[in-house]
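Residues per chain are reported as follows:
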Amino acid sequence: MSKNIETKAADNIRVLAASMVEKAKSGHPGGAMGGADFINILYSEFLNYDPSDMAWANRDRFFLDPGHMSPMLYGVLSLAGKYSMEELSNFRQWGSVTPGHPEVDVLRGVENTSGPLGQGHTMAVGAAISERFLVERFGEWMAHKTYTFISDGGVQEEISQGAGRIAGFLGLNNLIMFYDSNDIQLSTSTGEVTKEDTAKKYEAWGWNVTTINGNNPSQIREALKNAQSETEKPTLIIGKTIMGKGAVTDAGENYERKCETHGMPLTNAGASYAKSIANLGGDAENPFQIFTDVKELYAKREAELIKAAAAKKTEQAKWEVANPELAKKLNKFFSKEAPTFDFSAIQQKDNSATRGASSAVLAAFAGKVENMIVSSGDLSNSDKTDGFLKKTTAFTKGDFSGSFLQAGVSELTMACLMNGMALHGGIIPVCGTFFVFSDYMKPAVRLAALMGLPVKYVWTHDAFRVGEDGPTHQPVEQEAQIRLMEKLKNHKGENSTLVLRPADANETTVAWKMALENTSTPTALILSRQNITNLPVEGNRYEAALQAEKGAYIVQECGGTPDIVFLASGSEVATLVEGAALLTKKDGLKIQIVSVPSEGLFRSQSKEYQTSVLPIGVPRFGMTAGLPVTLEGLVGENGKVWGMESFGYSAPYTVLDEKFGFTAENVYKQVKELLA
């Protein structure tokens with residue numbers, strides 16, 4: 001009996017997936033083989049995009065969560081003409097465009113970098129929010145769907161709680177998720193680790209849930225049709241699939257549903273690669289082929305997609321003629337250019353906390369940077385993102401007219417949602433929480449850095465000066481951790497993250513200017529809870545603070561060659577200013593004071609500039625409310641850094657300043673010892 005075309009196309013994907021892993025001697029064939037039926041129906045019948053214009057803004061998006069199932073994605077995209085057989089045969093090799101886990105490559109159809117389970121589908125939720133936000137502003141003509149594919153591991157990862165809750169709460173009916181439920185994990189069966197009723201869990205969050213045979217094309221098709229017509233809820237399609245579908249032994253016996261096929265080539269897993277490929281209709285001697293009738297199926301689909309996209313683009317062109325100003329705005333949103341904004345007009349209060357100064361900037365953005373979405377992890381009145389919120393409204397089900405997302409207490413989820421928004425395009429995503437909780441966000445920050453996404457992180461309560469809340473809430477090691485990302489390059493050779501810790505209110509304005517203008521990497525703004533004395537600059541304070549755009553600059557000169565150079569970021573700069581005044585008054589020392597909001601940016605300046613700020617041969621004294629290593633690279637072996645060497649304690653921050661030595665008097669004492 002001959003196979004129908006849906007099964008034959010899925011088997012073609014299975015052959016390619018198994019062969020990629022077999023040739024690489026590394027990878028995960030089983031899940032890809034089980035999920036092939038769904039991915040084939042999705043791409044050959046439902047996913048709308050323009051094969052001739054893969055970056056088309058109004059395309060449907062597909063976000064893969066289990067990145068180890070990359071052979072499935074590369075396989076179906078090869079049927080769609082986006083990968084050659086040679087590229088598939090170079091799976092997991094140096095310089096290959098088919099890495100072991102997918103890395104964002106929109107022109108080839110890869111919408112997101114995935115690997116750490118749970119993040120991919122959460123990015124999809126962020127993309128779905130972006131679509132609703134944009135449709136609210138420009139019309140239903142640009143509506144599209146976001147599809148995502150999750151595995152047992154992604155469902156188990158804690159982040160799925162946040163993604164599921166938020167998508168259901170917001171009623172994201174444009175979001176369709178396929179759960180590849182094959183009951184097999186890398187080293188166990190799911191029954192050995194969980195007994196939860198996943199369907200009821202998602203129903204409780206407000207999802208439309210259906211369970212099907214995930215290897216049955218008719219059931220997949222019907223479930224997708226129903227999901228597309230859903231108007232109130234996101235949809236979860238639980239597809240009961242077969243791990244390693246089609247795998248057989250040397251004797252031709254069934255070798256499906258085995259843990260071993262999850263994470264190793266079929267040969268190593270105990271199956272017969274050659275017999276399995278033959279069972280699926282392929283040729284083990286020449287496996288990298290697209291079957292003739294499958295090629296015809298996807299060629300027909302390509303023609304249909306191009307025709308449908310052309311019709312949608314014609315509709316858009318008519319809309320643009322009728323709405324020229326909106327069309328100009330939409331084009332600007334998707335241009336990836338930084339919006340123009342007059343930062344010099346922002347009025348900052350003297351001697352304010354930098355979180356308050358950030359709030360003033362966000363308030364100025366509201367209504368003017370119209371594609372900015374700001375979010376907070378239930379801390380908007382404390383991380384001061386409420387400066388933005390007070391001038392807009394938070395998203396609710398069916399209402400995306402505002403620009404604020406109340407994420408609730410879910411920092412990792414929030415950060416992943418921001419990544420999804422950035423990947424979708426047309427959005428400037430900003431999210432805020434306490435700096436100590438950046439620990440929860442690091443996995444998503446790392447992926448943002450790897451993908452080059454311009455997400456803005458507002459991290460407040462930046463030091464032990466959180467005070468009475470005690471060591472659990474006092475960041476000590478966090479700045480050293482995030483500044484490592486300034487030292488790590490992305491694949492374009494850029495510092496993977498821009499990290500800014502401004503020293504006063506005016507530097508905060510400039511830090512936000514730098515963040516808004518940074519369209520190629522994430523930006524971290526590290527901000528104080530307590531008030532900070534303005535830096536002692538002459539003239540226009542904003543103009544003086546613009547020097548921060550070089551990463552470090554001289555705040556206070558001494559006239560001639562200094563006896564010592566002081567350097568710090570954030571509120572410690574003001575402490576150094578006070579200490580320098582004592583040393584000058586008592587000992588006549590000539591001191592040059594340097595603010596270093598970003599070491600990474602400073603090190604990218606010319607050597608001439610760097611030595612003008614930090615003269616060679618002159619002793620240096622650094623102060624940081626974090627670990628001394630934060631500044632040791634700039635201070636050097638002949639200098640000294642005063643920093644934290646333990647966790648904090650619960651007490652008023654002024655008491656902690658005294659106990660920990662962050663005072664002008666201790667600066668005086670330490671410098672005298674250094675110079676002696």
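Residues numbered from 1 in each chain as written. Predicted model: local features only at pLDDT ≥ 70, side-chain atom pairs only at ≥ 80, totals over all residues. Heavy atoms only, no water.

A. Highlighting the sheet that holds strand β1 (residues 61-64). The strand order β1-β2-β3-β5-β4 describes an open sheet built from five strands, whose pairing is parallel. Edge positions in the sheet fall to β1 and β4 (208-213), since each has one partner strand and no second. Neighbour-to-neighbour, the strand axes of the sheet open up by a mean angle of 20 degrees, direction not taken into account. Sheet topology note: the β4/strand β5 (residues 235-240) ladder contains six bridges and is parallel. Among the inter-strand pairings, T211 is bridged to a residue of β5, identified as I238. Packing of helix α5 (residues 119-138) onto the sheet brings it into contact with β1, β2 (146-151) and β3 (175-181), and relative to β2 it is tilted by some 165 degrees. (Pairing = 2+ DSSP bridges. Helix = DSSP H or I, 4+ residues; strand = E, 2+ residues; numbered from the N terminus. Axes fitted to C-alpha atoms, helices over the stretch in contact; angles between N-to-C directions. Contact = heavy atoms within 4.5 Å.)

B. Quick peek at the nonpolar core. Judged by nonpolar contacts, the single largest core of 76 residues is most densely connected at F343, F365, M372, W512, F566 and V594. With six residues, the single largest contributor to this core is helix α19 (residues 505-517). The residues contacting M372, other than those within four sequence positions of it, are L362, F365, F388, S403, I428, V430 and L516. With 68 residues, the next largest nonpolar core counts A163, A199, L447 and I526 among its residues. (Core = buried A, V, L, I, M, F, W, Y, C linked by side-chain atoms within 4.5 Å. Buried < 20%, exposed > 50% of the residue type's maximum accessible area, 1.4 Å probe, protein only.)

C. Focus on the environment of K275. Positionally, K275 belongs in helix α11 (residues 273-279). Apart from the residues lying within four places of it in its own chain, the contact partners of K275 are V248, T249 and D250.

D. Broad picture of helix α14 (residues 354-365). Between its first and last C-alpha atoms α14 spans 16 Å; for 12 residues at 1.5 Å apiece the expected length is 16 Å, and the two agree. The buried count for α14 comes to 10 of 12 residues, which makes it a mostly enclosed element. Among the residues making up α14, those that are buried are T354, R355, A357, S358, S359, V361, L362, A363, A364 and F365. Buried residues belonging to α14 abut β6 (372-376), α15 (386-389), β9 (456-460) and α19. Phi turns positive one or two residues past the end of α14, at G367, with a value near 85 degrees. (Expected span 1.5 Å × (residues − 1).)

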